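Observations on the three-dimensional arrangement
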Amino acid sequence: QVQLVESGGGLVQPGGSLRLSCAASGSIFSIYMMGWHRQAPGNQRELVATITIGGSTNYADSVKGRFTISRDNAKNTVYLQMNSLKSEDTAVYYCNLITGRRVNYWGQGTQVTVSS
């Protein structure tokens, strides 16, 4: 089994920044991709950003230029630096890991609230 532990969520004012972290542990033999998704109340879960083992990144159009995903392969940890936050970024953010065998794992989620 694989466990994902997220941290770094919280309350921030519009225009502010937050950095989310997600540490993976357990029976990790190979990782294909890690990433972040989010779900706001009443909405479906949506992709925010992903990064492959080789470092290729992908972002939702709504966060391009504001969010940056990165990873530390040695620590099996992925980060999401979120700048210029907007009220519409308010959501529960979920860490996602896809193994080399394309098995999906999800974290419990961390709340991000952007409000003045």
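Residues numbered from 1 in each chain as written. Predicted model: local features only at pLDDT ≥ 70, side-chain atom pairs only at ≥ 80, totals over all residues. Heavy atoms only, no water.

Time to look at the pairing of strand 1 (residues 2-7). Only one face of strand 1 is covered, namely the one carrying V2, L4 and E6; the face carrying Q3, V5 and S7 has none of its residues buried. As defined by bridge partners, strand 1 adjoins strand 3 (residues 18-26) across 6 bridges and the pair is classed as antiparallel. The residue of strand 3 that forms the bridge with E6 is C22. (Buried < 20%, exposed > 50% of the residue type's maximum accessible area, 1.4 Å probe, protein only. Helix = DSSP H or I, 4+ residues; strand = E, 2+ residues; numbered from the N terminus. Pairing = 2+ DSSP bridges.)

Enumeration according to the criterion identifies 1 disulfide in this entry. A sulfur-sulfur distance of 2.0 Å marks the disulfide that ties C22 to C95. Here the S-S torsion is close to -85°, and the disulfide linking C22 with C95 is therefore left-handed. Of this pair, C22 sits in strand 3 while C95 sits in strand 9 (residues 91-99); the two residues are 73 residues apart in sequence, bridging distant segments of the chain. Take C22 and C95: they sit in the same class, and that class is buried. (Disulfide = S-S within 2.5 Å.)

Within the secondary structure, D89 sits in the loop between strand 8 (77-82) and strand 9. Contact partners of D89, with chain neighbours within four places excluded, come to R38, R66, F67, S84, V112 and V114. (Contact = heavy atoms within 4.5 Å.)

Strand order in the open sheet formed by 4 strands is 1-3-8-7, and the pairing between neighbours is antiparallel. Across the chains shown, the open sheet's two edge strands, defined by having one partner strand only, are strand 1 and strand 7 (67-72). Along the sheet, successive strands turn relative to each other by an average axial angle of 15°, direction set aside. Pairing analysis gives 6 bridges linking strand 7 to strand 8, with the strands arranged antiparallel. Directly across from S70, in strand 8, lies its bridge partner Y79. (Axes fitted to C-alpha atoms, helices over the stretch in contact; angles between N-to-C directions.)

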